[in-house]
Amino acid sequence: MQRTGLTRRDFLVGATASVLVAPIRMARPATAAAPDFAYAYVGTYTPNGGGIYLFRLDHSSGELTQLKVVEDIRNPSWLAVNPAQTRLYAVSEIDNYADTRSGAIVSYAIEGDGSQLTRLGVVSSAGTTPTHASVHPSGRFVFAANYGGGNVAVFPVGANGALAEASDVRPSVGPRHRAHAIDDPPGQFAVSDHDSPHMHMVAPDPSGQFVIANDAGLDLTWVWSFDAQAGRLLPADVPAIIAPAGSAPRHFAFHPNGRIFYNLYEHDAKIAVYDYDPARGGMRQKQLISTLPPRFGGSTLSSEIIITADGRFLYAANRIHNAVAAFAVAADGQLRLLSETWARADSPRCLTIEPGGEYLYSCNQKGDSITSFRISAASGALQFTGRFEPVGSPAFMTVIKPRST
């Protein structure tokens with residue numbers, strides 16, 4: 001038998017050497033794992049809804065688990081969270097606050113890990129039935145759109161986060177338009193309110209230099225320069241953009257690059273796409289596209305518009321038709337209709353995409369439910385998760401990330 005020349009001693013010495021020259025792996029300090037959940041606050045119309053609902057949102061499945069209900073507010077139909085996610089502002093869509101012809105805005109502190117609301121105060125919204133609120137990027141001002149009052153108001157934020165009385169109120173003025181749009185889908189019998197001014201949304205642009213508002217009653221989009229020292233709205237170079245008569249501009253969204261503006265028309269179910277000049281607040285329209293499938297006929301009212309954080313896909317909700325349209329966003333911001341998905345319930349009023357970008361939620365006001373959909377990262381298509389969360393008259397949903405306490 002041939003010998004290899006390797007003795008037991010040689011083997012042990014070699015093995016020892018290999019151990020000695022092997023890299024030493026130092027133990028890494030433990031890092032906190034990212035939370036696998038978020039908190040979702042949902043505003044409702046009372047008394048079907050109980051007030052402001054808090055849910056735990058599971059990132060792995062998209063499931064919502066109800067935790068509590070804040071019942072100290074009527075008709076909290078819109079919620080706005082400050083950039084630091086420490087304050088929540090809720091409109092109270094009423095017309096008789098403190099025996100006046102006004103709605104209200106309630107301020108809350110978001111405490112603990114994000115799951116606690118503590119009421120800080122309440123102020124008049126400076127007009128009836130407020131339907132929308134937003135927060136300036138600085139966190140120092142809140143804007144409210146009064147649908148019944150036909151105006152927008154600016155509210156300074158106090159040291160503790162509560163709102164002071166309005167520092168400016170701007171009414172919408174202009175001629176009344178027809179109740180139906182010329183380019184309505186055939187068979188459209190739903191009616192938007194064109195009897196008077198009806199401010200439906202107000203929000204700052206991404207820079208905070210300009211504030212924009214949609215008047216669905218007078219078919220106008222207003223643009224103001226914002227004085228962040230005095231909390232006042234000043235006319236921009238082009239103070240108003242006229243939409244097609246009867247179209248009812250409702251909600252809008254900015255592309256993440258801050259240079260494309262998408263305006264959703266409620267009555268004729270169209271999206272107007274504009275190039276936006278952040279230096280002047282100016283707009284130049286370059287596309288008008290339907291949110292409905294080809295050859296659609298019947299009644300519908302568009303309600304909400306939202307864009308993904310990466311700017312690749314945009315979604316618009318249609319009530320009565322009860323569907324969510326998905327669009328691909330081109331490099332220049334123009335839209336191409338990809339598909340539409342049944343909302344699975346009646347009257348999708350609000351769409352929300354959770355911070356991870358994996359799930360889209362539809363608040364179905366007349367269906368008394370929230371339905372959820374997984375977003376395809378490749379195609380933007382929506383796949384129903386099979387989950388219904390029963391909530392009375394859900395109107396709006398916002399999601400915040402939990403924080404360490």
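Residues numbered from 1 in each chain as written. Predicted model: local features only at pLDDT ≥ 70, side-chain atom pairs only at ≥ 80, totals over all residues. Heavy atoms only, no water.

Peer 1: For this particular structure, what's the right way to read the overall build of the chain?
Peer 2: Of regular secondary structure, the chain possesses 1 helix and 28 strands. In terms of principal-axis extent, the alpha carbons of the chain reach across some 110 × 50 × 45 Å. The 405 residues of the chain split such that 54% are buried. The long-range share in the chain, meaning contacts at least 24 apart out of those at least 6 apart in sequence, stands at 49%. Surface accessibility of the chain: about 17700 Å² in total, with carbon and sulfur atoms responsible for 54%. Once the 33 positive and 35 negative side-chain charges of the chain are each reduced to a mean point, those two points are 9 Å apart. (Helix = DSSP H or I, 4+ residues; strand = E, 2+ residues; numbered from the N terminus. Buried < 20%, exposed > 50% of the residue type's maximum accessible area, 1.4 Å probe, protein only. Contact = heavy atoms within 4.5 Å. Areas by Shrake-Rupley, 256 points an atom, 1.4 Å probe, with all protein chains shown as cover. Lys, Arg positive; Asp, Glu negative; His and termini not counted. Charge placed at Lys NZ, Arg CZ, Asp CG, Glu CD.)

Peer 1: I keep staring at the environment of Gly392 and nothing clicks. Help me out?
Peer 2: Among the structural elements, Gly392 can be located in the loop between strand 27 (382-390) and strand 28 (394-400). As for Gly392 and Asn364, which are separated by 28 residues in sequence, their C-alpha atoms are 9.2 Å apart. Not counting residues within four places of it along the chain, the set of residues in contact with Gly392 comprises Thr44, Tyr45, Asn48, Gly49 and Asp368.

Peer 1: Could you clarify how one ought to interpret the layout of surface pockets in this entry?
Peer 2: Using a probe with the size of a water molecule, rolled over the atoms, empty space left in the structure can be pinpointed. The volume enclosed by the largest pocket comes to roughly 1600 Å³. Contributing to the lining of the largest pocket are 49 residues, with Ile306, Ile307, Ile353, Phe396 and Thr398 lying nearest its centre. Secondary structure elements with two or more residues in the lining of the largest pocket: strand 4 (79-81), strand 8 (130-135), strand 12 (199-204), strand 16 (249-254), strand 20 (301-307), strand 24 (348-353) and strand 28. Here the lining of the largest pocket takes 5 residues from strand 28, the largest share from any one element. Residue composition of the lining of the largest pocket, grouped by class: 30 nonpolar, 13 polar and 6 charged. (1 Å grid on protein atoms, 1.4 Å probe; cavity = no way out; pocket = protein on both sides within 12 Å on 5 of 7 lines; lining within 4 Å. Points joined across faces, edges and corners; volume = space filled by probe spheres on them. Nonpolar A, V, L, I, M, F, W, Y, C, P; charged D, E, K, R; others polar.)

Peer 1: Just checking my understanding: could you explain the side chain of His251 for this structure?
Peer 2: Positionally, His251 belongs in strand 16. A distance of 2.9 Å separates the side chain of His251 from the side chain of Glu304, its partner in a polar contact. (Polar contact = N/O pair within 3.5 Å; in protein donor to acceptor, adjacent residues only side chain to side chain.)

Peer 1: Teacher, can you tell me more about the sheet that holds strand 27 here?
Peer 2: Backbone-to-backbone hydrogen bonds pair the strands of a sheet. The strands run either parallel or antiparallel. Taken in spatial order, the 4 strands line up as 24-25-26-27 in an open sheet, and their pairing is antiparallel. Looking at the sheet topology across the chains shown, the edges are occupied by strand 24 and strand 27. Taken over all neighbouring pairs, the strand axes of this sheet differ in orientation by 20° on average, direction set aside. As judged from the 6 bridges shared by strand 26 (residues 369-375) and strand 27, these two strands associate in the antiparallel manner. By the bridge assignment, Phe373 is partnered in strand 27 with Phe384. (Pairing = 2+ DSSP bridges. Axes fitted to C-alpha atoms, helices over the stretch in contact; angles between N-to-C directions.)

Peer 1: Honestly, the side chain of Asp215 in this entry has me stumped. Any pointers?
Peer 2: Take Asp215: it is sitting in strand 13 (residues 210-215). Of the buried charged residues, Asp215 lacks a salt bridge, with Arg176 as the closest side chain of opposite charge at 11 Å. Only 3.0 Å separates the side chain of Asp215 from the backbone nitrogen of Leu218, close enough to count as a polar contact. Once you skip the residues sitting within four places of it in the chain, Asp215 turns out to touch Ser172, Pro197, His198, Met199, Leu220, Trp222 and Pro249. (Salt bridge = Lys/Arg side-chain N within 4 Å of Asp/Glu carboxyl O.)

Peer 1: Is there a simple way to explain empty space enclosed by the protein in this structure?
Peer 2: Within this structure, the stated rule accounts for 1 cavity of 30 Å³ or more. Considered as a void within the structure, the largest cavity measures approximately 30 Å³ in volume. Around the largest cavity, the lining residues are Trp78, Thr131, His200, Arg250, His251, Arg349 and Ala395. Taken together, the residues of the lining of the largest cavity break down into 2 nonpolar, 3 polar and 2 charged.

Peer 1: It is not clear to me how the sheet that holds strand 18 (residues 270-277) should be interpreted in this structure. Could you clarify?
Peer 2: Across the sheet, which stays open at both edges, the 4 strands sit in the order 16-17-18-19 with antiparallel pairing between neighbours. Each end of this open sheet is capped by a strand with a single partner; those strands are strand 16 and strand 19 (282-290). On average, adjacent strands in this sheet sit at an angle of 25° to one another, irrespective of strand direction. Pairing of strand 18 with strand 19 involves 8 bridges; the strand directions are antiparallel. Across the sheet, Asp277 pairs through a bridge with Gly282, a residue of strand 19.

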